[in-house]
Amino acid sequence: MTSEAMPLGIVVERRETDHPWETHIWTPVAVAPGAPENPQWKEVARGDGWVQFHADTLPLEIFHDETEDYRYNLVNDPPSVYVVLREDDESDSGLAPFKLTVSPSEAQAYLDADEHILEPVPMPDLVQSWLAAFKASDRFMRIMQ
(Lines give C-alpha, C1' and ligand atoms only; values in the text may rest on other atoms or scores of the structure.)
Protein backbone atom coordinates (compact mmCIF):
# COMPACT_ATOMS: atom_id res chain seq x y z
CA MET A 1 0.00 0.00 0.00
CA THR A 2 1.51 3.31 -1.09
CA SER A 3 1.47 6.06 1.50
CA GLU A 4 3.05 9.31 2.60
CA ALA A 5 3.38 10.83 6.07
CA MET A 6 3.73 14.28 7.63
CA PRO A 7 4.55 14.76 11.33
CA LEU A 8 2.09 17.03 13.15
CA GLY A 9 2.27 18.40 16.67
CA ILE A 10 -0.93 17.86 18.65
CA VAL A 11 -2.24 20.65 20.88
CA VAL A 12 -4.56 19.53 23.66
CA GLU A 13 -6.47 21.89 25.94
CA ARG A 14 -7.30 21.35 29.61
CA ARG A 15 -10.35 23.48 30.45
CA GLU A 16 -11.95 23.90 33.87
CA THR A 17 -15.59 22.84 34.09
CA ASP A 18 -18.51 23.29 36.47
CA HIS A 19 -19.45 19.63 36.08
CA PRO A 20 -20.19 18.04 39.49
CA TRP A 21 -17.97 14.99 38.89
CA GLU A 22 -15.13 16.49 36.86
CA THR A 23 -12.91 19.49 37.55
CA HIS A 24 -11.70 19.76 33.95
CA ILE A 25 -12.03 18.34 30.45
CA TRP A 26 -9.36 17.56 27.86
CA THR A 27 -9.93 18.39 24.19
CA PRO A 28 -7.65 18.34 21.13
CA VAL A 29 -7.77 21.85 19.65
CA ALA A 30 -5.11 22.06 16.92
CA VAL A 31 -2.34 20.37 14.97
CA ALA A 32 0.89 22.04 13.91
CA PRO A 33 3.16 21.03 11.02
CA GLY A 34 6.87 21.28 11.82
CA ALA A 35 6.43 20.79 15.57
CA PRO A 36 9.32 19.21 17.49
CA GLU A 37 9.18 15.56 18.50
CA ASN A 38 8.88 14.35 22.11
CA PRO A 39 7.40 17.51 23.66
CA GLN A 40 6.26 15.65 26.81
CA TRP A 41 3.15 17.80 27.39
CA LYS A 42 4.88 21.16 27.05
CA GLU A 43 2.67 24.13 27.92
CA VAL A 44 2.17 26.41 24.90
CA ALA A 45 -0.64 28.80 25.96
CA ARG A 46 -2.70 29.74 29.02
CA GLY A 47 -5.80 31.79 29.73
CA ASP A 48 -8.53 32.19 32.30
CA GLY A 49 -9.66 28.63 33.11
CA TRP A 50 -7.69 26.85 30.41
CA VAL A 51 -4.18 25.75 29.46
CA GLN A 52 -2.95 24.26 26.17
CA PHE A 53 -0.17 21.71 25.81
CA HIS A 54 1.86 20.37 22.92
CA ALA A 55 1.04 16.82 23.92
CA ASP A 56 2.92 14.88 21.25
CA THR A 57 3.98 14.81 17.61
CA LEU A 58 2.61 11.96 15.50
CA PRO A 59 2.76 11.14 11.80
CA LEU A 60 -0.33 11.84 9.73
CA GLU A 61 -0.30 8.98 7.23
CA ILE A 62 -2.25 9.12 3.99
CA PHE A 63 -2.91 6.23 1.61
CA HIS A 64 -3.77 6.04 -2.08
CA ASP A 65 -6.76 3.76 -1.46
CA GLU A 66 -8.45 6.44 0.69
CA THR A 67 -8.31 9.41 -1.69
CA GLU A 68 -12.12 9.51 -2.07
CA ASP A 69 -12.39 10.09 1.70
CA TYR A 70 -9.77 12.83 1.44
CA ARG A 71 -11.72 14.52 -1.37
CA TYR A 72 -14.80 14.52 0.85
CA ASN A 73 -12.82 16.03 3.75
CA LEU A 74 -11.24 18.74 1.59
CA VAL A 75 -14.63 20.04 0.40
CA ASN A 76 -15.90 20.35 3.99
CA ASP A 77 -15.85 23.82 5.53
CA PRO A 78 -13.44 23.69 7.24
CA PRO A 79 -11.44 20.55 6.32
CA SER A 80 -10.40 18.66 9.44
CA VAL A 81 -7.66 16.57 10.92
CA TYR A 82 -9.20 14.07 13.33
CA VAL A 83 -7.23 13.64 16.55
CA VAL A 84 -7.69 10.42 18.52
CA LEU A 85 -6.73 10.31 22.21
CA ARG A 86 -6.80 7.21 24.39
CA GLU A 87 -6.53 6.59 28.11
CA ASP A 88 -2.97 6.36 29.45
CA ASP A 89 -2.43 5.71 33.15
CA GLU A 90 1.23 6.71 32.88
CA SER A 91 0.46 10.26 31.69
CA ASP A 92 -0.27 13.10 34.13
CA SER A 93 -3.32 13.95 32.03
CA GLY A 94 -4.52 10.34 31.94
CA LEU A 95 -4.57 10.59 28.13
CA ALA A 96 -2.18 10.13 25.23
CA PRO A 97 -2.44 11.10 21.58
CA PHE A 98 -2.91 7.87 19.65
CA LYS A 99 -3.74 8.58 16.01
CA LEU A 100 -4.19 11.31 13.42
CA THR A 101 -6.34 10.82 10.35
CA VAL A 102 -7.88 12.90 7.57
CA SER A 103 -10.23 10.09 6.58
CA PRO A 104 -13.78 10.75 7.84
CA SER A 105 -14.53 7.00 7.53
CA GLU A 106 -11.57 6.04 9.72
CA ALA A 107 -12.52 8.76 12.23
CA GLN A 108 -16.07 7.38 12.38
CA ALA A 109 -14.73 3.90 13.12
CA TYR A 110 -12.82 5.24 16.14
CA LEU A 111 -15.89 7.17 17.25
CA ASP A 112 -18.07 4.06 16.96
CA ALA A 113 -15.61 2.08 19.10
CA ASP A 114 -16.46 4.47 21.99
CA GLU A 115 -13.10 3.79 23.66
CA HIS A 116 -11.35 6.98 22.57
CA ILE A 117 -11.72 10.73 22.55
CA LEU A 118 -11.97 11.91 18.95
CA GLU A 119 -12.13 15.55 17.91
CA PRO A 120 -11.87 17.22 14.53
CA VAL A 121 -9.52 20.20 14.49
CA PRO A 122 -9.04 22.68 11.62
CA MET A 123 -6.68 21.39 8.95
CA PRO A 124 -3.72 23.79 8.50
CA ASP A 125 -3.25 25.25 5.00
CA LEU A 126 0.03 23.34 4.55
CA VAL A 127 -1.72 20.04 5.24
CA GLN A 128 -4.58 20.95 2.88
CA SER A 129 -2.10 21.67 0.07
CA TRP A 130 -0.18 18.46 0.74
CA LEU A 131 -3.36 16.38 0.81
CA ALA A 132 -4.72 17.99 -2.38
CA ALA A 133 -1.41 17.32 -4.20
CA PHE A 134 -1.47 13.69 -2.99
CA LYS A 135 -5.05 13.30 -4.22
CA ALA A 136 -4.13 14.82 -7.60
CA SER A 137 -1.12 12.51 -7.96
CA ASP A 138 -3.38 9.54 -7.22
CA ARG A 139 -5.76 10.63 -10.01
CA PHE A 140 -2.80 10.96 -12.41
CA MET A 141 -1.51 7.50 -11.44
CA ARG A 142 -4.92 5.95 -12.14
CA ILE A 143 -5.13 7.61 -15.58
CA MET A 144 -1.67 6.27 -16.49
CA GLN A 145 -2.54 2.66 -15.58
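Here, every reference points to the structure presented above.
Positionally, Ile25 belongs in strand β2 (residues 24–33). Ile25 sits in the partly exposed class, given a relative accessible area of 38%. Measuring from C-alpha to C-alpha, the distance between Ile25 and Val44 comes to 17 Å, with 19 residues separating the pair along the chain.

All right, on to the packing of aromatic side chains then. Following the criterion strictly, the structure yields 5 aromatic pairs and no others. Ring geometry for Trp26 versus Trp41: centroids 5.4 Å apart, planes at 75°, classification edge-to-face. With Trp26 in strand β2 and Trp41 in the loop between β2 and β3 (42–47), this residue pair connects regions lying 15 residues apart in the sequence. The class of Trp26 is buried, set by a relative accessible area of 15%. Note on Trp41: relative accessible area 22%, which makes it partly exposed. Both rings, one in Phe98 and one in Tyr110, keep their centres 6.0 Å apart while their planes meet at 75°; by these two values the pair is edge-to-face. Of this pair, Phe98 sits in strand β6 (residues 95–101) while Tyr110 is found in helix α2 (residues 104–113), placing the two residues 12 residues apart along the sequence. With relative accessibility at 30%, the residue Phe98 sits in the partly exposed group. Given a relative accessible area of 19%, Tyr110 falls into the buried group.

Okay, the pattern of salt bridges next. Going through the model one piece at a time under the given rule, you end up with 4 salt bridges. Here Glu13 makes a salt bridge to Arg15, at a shortest N to O gap of 3.0 Å. Judged by relative accessible area, Glu13 falls into the buried class, the value being 10%. Lys99 serves as the salt-bridge partner of Glu106, at 3.4 Å between the closest nitrogen and oxygen.

This next bit is on the sheet that holds strand β1 (residues 3–16). If you trace the 4 strands from one edge of the open sheet to the other, you get β2-β1-β4-β3, paired in antiparallel fashion. Since the sheet does not close on itself, it has two edges, and those belong to β2 and β3, each with one partner. Across the sheet, the mean angle from the axis of one strand to that of its neighbour is 35°, orientation sign disregarded. Taken together, the 9 bridges between β1 and β2 define a ladder with antiparallel strand orientation. Its bridge partner being in β2, Ile10 is matched across the sheet by Val31.

Calculation criteria
Residues numbered from 1 in each chain as written. Predicted model: local features only at pLDDT ≥ 70, side-chain atom pairs only at ≥ 80, totals over all residues. Heavy atoms only, no water. Helix = DSSP H or I, 4+ residues; strand = E, 2+ residues; numbered from the N terminus. Buried < 20%, exposed > 50% of the residue type's maximum accessible area, 1.4 Å probe, protein only. Phe/Tyr/Trp six-rings, centres within 6.5 Å; stacked < 30°, edge-to-face > 60°. Salt bridge = Lys/Arg side-chain N within 4 Å of Asp/Glu carboxyl O. Pairing = 2+ DSSP bridges. Axes fitted to C-alpha atoms, helices over the stretch in contact; angles between N-to-C directions.

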